[in-house]
Amino acid sequence: MRGQMMPNDLLISDLLEHAVRNHAQQQIISRRLDGRIVRHSFHEFAQRCRQLAGVLQDLDVRVGDRIATLAWNTHRHLEAYYAISGIGAIVHTVNPRLFAHQIEYILQHAEDRILFVDISFIAMVEAMLPRLPRIEHVIALSDWGDKPQGERWLCYEGLLSDQPAHFAWPRFDAQTAAALCYTSGTTGQPKGVLYSHSSTLLHAMAACRADAIGIGPDSVIMPVVPMFHVCAWGVPYAALMAGARLILPGAALDGAALSELIQSEGCNIALGVPTVWMGLLAHLRQHGQRLTSLQRVVIGGSAAPLAMIREFDQVHAAFVMHAWGMTEMSPLGSTNTPTPELLALPAEERYQRQLSQGRAVFGLHMEIFHEDGQAMPHDGQAYGHLKVRGPWVLAHYYRSDVPATQDGWFDTGDIASIDAQGYMRIVDRAKDLIKSGGEWISSIDLENAALGFPGVREACVIGIAHPRWEERPLMLVIAESTPLDIAGLRQYLQNQVARWWLPDSILEVSELPHTATGKLSKLTLRAHYADYYQDLIT
Ligand code: AMP
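Rules behind the numbers
- Residues numbered from 1 in each chain as written.
- Predicted model: local features only at pLDDT ≥ 70, side-chain atom pairs only at ≥ 80, totals over all residues.
- Heavy atoms only, no water.
- Near = heavy atom within 4 Å.
- Polar contact = N/O pair within 3.5 Å; in protein donor to acceptor, adjacent residues only side chain to side chain.
- Areas by Shrake-Rupley, 256 points an atom, 1.4 Å probe, with all protein chains shown as cover.
- Helix = DSSP H or I, 4+ residues; strand = E, 2+ residues; numbered from the N terminus.
- Nonpolar A, V, L, I, M, F, W, Y, C, P; charged D, E, K, R; others polar.
- Axes fitted to C-alpha atoms, helices over the stretch in contact; angles between N-to-C directions.
- Parallel < 35°, antiparallel > 145°, perpendicular 65-115°, else oblique.
- Left-handed = near helix turned anticlockwise from the far one by under 90°.
- Contact = heavy atoms within 4.5 Å.
- Domains from an automatic or database assignment.
- Buried area = accessible area lost by both parts, 1.4 Å probe.
- Salt bridge = Lys/Arg side-chain N within 4 Å of Asp/Glu carboxyl O.
- Pairing = 2+ DSSP bridges.
- Expected span 1.5 Å × (residues − 1).
- Buried < 20%, exposed > 50% of the residue type's maximum accessible area, 1.4 Å probe, protein only.
- Phe/Tyr/Trp six-rings, centres within 6.5 Å; stacked < 30°, edge-to-face > 60°.
- Lys NZ or Arg CZ within 6 Å of the ring centre and 35° of its normal.
- Arc of directions from axis to C-beta.

### Describing the site of the ligand
Here comes step 1: Residues in close proximity to the ligand total 17 residues, the closest being Ala323, Thr327, Gln357, Asp414 and Arg429.
Here comes step 2: Contacts to the ligand include His322, whose side-chain N or O atom sits 3.4 Å from a nitrogen atom.
Here comes step 3: One of the side-chain nitrogen or oxygen atoms of Arg429 is found 2.7 Å away from an oxygen atom of the ligand.
Here comes step 4: Expressed as a share of its isolated accessible area of 500 Å², the protein-covered part of the ligand is 92%.
Here comes step 5: For the shell around the ligand, the secondary structure elements donating two or more residues are β14 (319-325) and β19 (410-418).
Here comes step 6: Within the shell around the ligand, the residues separate by chemical class into four nonpolar, ten polar and three charged.

### Re the packing of helix α2 (residues 42-58) against helix α3 (residues 75-86)
Here comes step 1: Direction vectors running N to C along α2 and α3 enclose 60°, while the axes themselves pass 8 Å from each other. Put simply, α2 runs oblique to α3. In the packing of α2 onto α3, the handedness of the crossing is right-handed. Residues Phe45, Arg48, Cys49, Leu52, Ala53 and Leu56 of α2 form the contact with α3, whose participating residues are His75, Arg76, Leu78, Glu79, Ala80, Tyr82, Ala83 and Ile84.
Here comes step 2: Partitioned by chemical class, the residues of the contact of α2 with α3 number ten nonpolar, one polar and three charged.

### Details of the side chain of Ser521
Here comes step 1: Mapping Ser521 onto the fold places it in the loop between β25 (505-508) and α17 (522-528).
Here comes step 2: The contact partners of Ser521, leaving out residues within four places of it in the chain, are Pro513, His514 and Thr515.

### A short note on the domain arrangement of the protein
Here comes step 1: Taken domain by domain, the protein consists of domain 1 (12-354), domain 2 (365-429) and domain 3 (433-537).
Here comes step 2: Computed from C-alpha atoms alone, the centre-to-centre distance between domain 2 and domain 3 is 27 Å.
Here comes step 3: On the domain 3 side, the residues contacting the seven residues of domain 2 number seven residues.
Here comes step 4: Summing both partners gives a buried area of about 520 Å² for domain 2 against domain 3, and 47% of it is carried by carbon and sulfur.
Here comes step 5: Among the residues domain 2 hides against domain 3, the three largest losses belong to Tyr383, Val427 and Asp428. Together they make up 67% of the total.
Here comes step 6: Counting across the domain 2 and domain 3 interface gives one salt bridge.
Here comes step 7: Residues Asp445 and Arg425 are paired through a salt bridge, measuring 3.5 Å at the closest nitrogen-oxygen approach.
Here comes step 8: The interface formed by domain 2 and domain 3 holds three residue pairs in polar contact (both at pLDDT 80 or more) in total.
Here comes step 9: Among the elements that make up the side of domain 2 that touches domain 3, the one with the highest residue count is strand β20 (residues 424-429) (five residues).
Here comes step 10: Here the residues of the side of domain 2 that touches domain 3 are counted per class, giving four nonpolar, no polar and three charged.

### Looking at the pairing of β20
Here comes step 1: In this structure, β19 lies alongside β20, joined through five bridges in antiparallel fashion. Looking at β20, one finds that Ala416 is bridged to Ile426.
Here comes step 2: Adjacent in sequence and paired antiparallel, β19 and β20 are bridged by five residues, among which Gly422 carries a positive phi angle near 95°.

### Description of the sheet that holds strand β18 (residues 384-389)
Here comes step 1: On the basis of which strands lie adjacent, the open sheet formed by four strands has the order β17-β18-β19-β20 and antiparallel pairing. Strands at the two margins of the open sheet, each flanked by one partner only, are β17 (365-369) and β20. Mean inter-strand twist for the sheet, computed between neighbouring axes without regard to direction, equals 45°.
Here comes step 2: Pairing between β17 and β18: five bridges, direction antiparallel. Following the sheet pairing, Met366 is matched in β18 by Val388.

### Regarding the sheet that holds strand β2 (residues 37-41)
Here comes step 1: Pairing is mixed in the open sheet, where nine strands are placed in the order β2-β1-β11-β10-β12-β13-β14-β15-β16. Whereas interior strands pair on both sides, the edge strands pair on one side only; in this sheet they are β2 and β16 (359-360).

### Here's the deal with the side chain of Ser442
Here comes step 1: With respect to the element layout, Ser442 can be found in the loop between β22 (439-441) and α15 (443-451).
Here comes step 2: Polar side-chain contacts of Ser442 include one of 3.0 Å to the backbone nitrogen of Asp445.
Here comes step 3: When sequence neighbours within four positions are dropped, the list of residues in contact with Ser442 reads Val427, Asp428, Leu433 and Trp501.

### Describing α2
Here comes step 1: Between its terminal C-alpha atoms α2 stretches 24 Å, which fits the 24 Å expected from 17 residues at 1.5 Å a residue.
Here comes step 2: Buried residues dominate α2, accounting for twelve of its 17 residues.
Here comes step 3: One or two positions beyond α2, positive phi appears at Asp60, with a value near 70°.

### Side note on the packing of aromatic side chains
Here comes step 1: This model, assessed by the stated rule, comprises 13 aromatic pairs.
Here comes step 2: Each residue in the set Phe45, Tyr81, Tyr82 and Tyr237 is aromatic and connected to the rest through ring pairs, giving one cluster.
Here comes step 3: Against the face of Tyr397 rests Lys191, its NZ or CZ located 5.0 Å from the ring centre.
Here comes step 4: A cation over a ring is seen here: Lys387 above Phe369, with NZ or CZ 5.1 Å from the ring centre.

### Observations regarding helix α16 (residues 486-494)
The periodicity of an α-helix, 3.6 residues per turn, causes residues three or four positions apart to be oriented the same way.
Here comes step 1: Residues of α16 that are buried include every one of Gly488, Leu489 and Leu493, and no others. Down the axis of α16, the buried side of the element spans an arc of 135°, and every buried residue falls inside it. In α16, those exposed residues whose orientation departs by more than 90 degrees from the buried face are Ala487 and Gln491.

### So, the packing of helix α1 (residues 12-23) against α2
Packed helices, taken two at a time, are described by their axes: the angle between them and the distance between them.
Here comes step 1: Relative orientation of the contacting elements α1 and α2 amounts to 150°, with a least axis distance of 9 Å. Here α1 is positioned roughly antiparallel relative to α2, judged by the angle of their axes. Two packed elements cross with a definite hand, and for α1 against α2 that hand is left-handed. Packed against α1, whose contacting residues are Leu16, Glu17, Ala19, Val20 and His23, the element α2 presents Phe42, His43, Phe45, Ala46, Cys49 and Arg50 at the interface.
Here comes step 2: Partitioned by chemical class, the residues of the contact of α1 with α2 number seven nonpolar, two polar and two charged.

### Digging into the pairing of strand β23 (residues 456-466)
Here comes step 1: Within β23, nine of the eleven residues are buried, which leaves the element mostly enclosed by the surrounding structure.
Here comes step 2: The pairing of β23 with strand β24 (residues 470-479) spans ten bridges and is antiparallel. Its bridge partner being in β24, Glu458 is matched across the sheet by Ile478.
Here comes step 3: Connecting the antiparallel pair β23 and β24 is a turn made up of three residues.

As structure tokens, then:
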């Protein structure tokens, strides 16, 4: 017998109207690219979204059309999110940090009809437009008249000012596509992941929960993670759903700009990748400043180092909540939410536990598998291929006929362990694990250990071909201030990891390459140092 309740037809426009009805005076604080802060109540914000929906309708945008954005975290970008999805079109966020040829590929592959562009990317877009004939209009996210000449160019505020503040949102099936995000494509071409209204709203509900990120009307939340990276981890939806105050930091993501915004706006939850927090902590250390409002720092995208967890707690009284996920998962999979048991532990023991990427959020199922396909024990020791399934996990890549899963599970490409309480720990990306003499070494654990040594700002460990051991680790470090005591670091590592894990060489470097989503670009480094041990030995 089937249940007799109403069908799920919740749309992103319902979320917007819910936010206005219930939290009309809550604020969205946005730092423009010129540094000015603008504030909109949810009421004003929704009016602007409805005006933009009117603009899109006048431009003949239809259900299913792809509309791209190349933009920072600002109120205009957020308006594009809601207005585009609200009329049944697809907001396609493009990562401006990708190479120009990748951006062109993505815009062509998605067949975008309109492109919204922040003024910092105008020159880049002007250069590629001749090769993008499908793009009918480019809307500069700018004030009146502030746009390049050319018939395809339009100005955002000019368009909005001509529209009424009312708009009747259309109704359609909740499985309709709402947003499109491409993976960063470190191997091969970037691939598109197409989120639906239903998956987006379920994901936002899961993210808000007290046992996940914990977002509510008392939250003052700042996604430092860009809105072009997996929809800023769903915060643009979750914040409005929860009636939270939302801070959008614009383009200035350096330590000084972030600390100023956190303090002046009383931000209590901030989310981002470790590299962003490295910059913030270095700035605060240098100026002897303490953050007073921040309670929770949600760190994902790469592993949060122990030293960072410790510093946020001891200096700023902020809890680092590790979160894990990926573009193919909308992205949230697990969070290490503080529990009474965790908070009662002695500090150092607690920090160790905070290194775990946490437990699955409700709705997401995760399991570890052996190469042979057998599920592995949840004993915190055994590790295997981490696979997931759930209503916000990808089934097909965009415009691909091949299912992204054969067995009903999506293979994340990560290697992990899970303990008896469900806490998952990422050991490494499968392709970054180092195989030495038939045994595995975790590059993440080695990096984490190095970051505990005073004076190490960033560390990267890669597996390099070795004539005797198959592969051996090579460690590259950036020092806080040069020169670094490499012998001291080696000595220190001996007490942190098994002896046979010790990198054969530790090299001090002045910079490390990062991908467009802020991860260490190990592919580039592996290619660069491919023969390092070979040459050293022969
Ligand atoms: P992306 O699709 O760009 O968000 O990248 C997803 C990948 O980032 C995951 O498969 C993990 O390898 C990595 N990742 C995400 N969050 C974490 C985390 N908290 N700790 C370690 N790795 C992470």
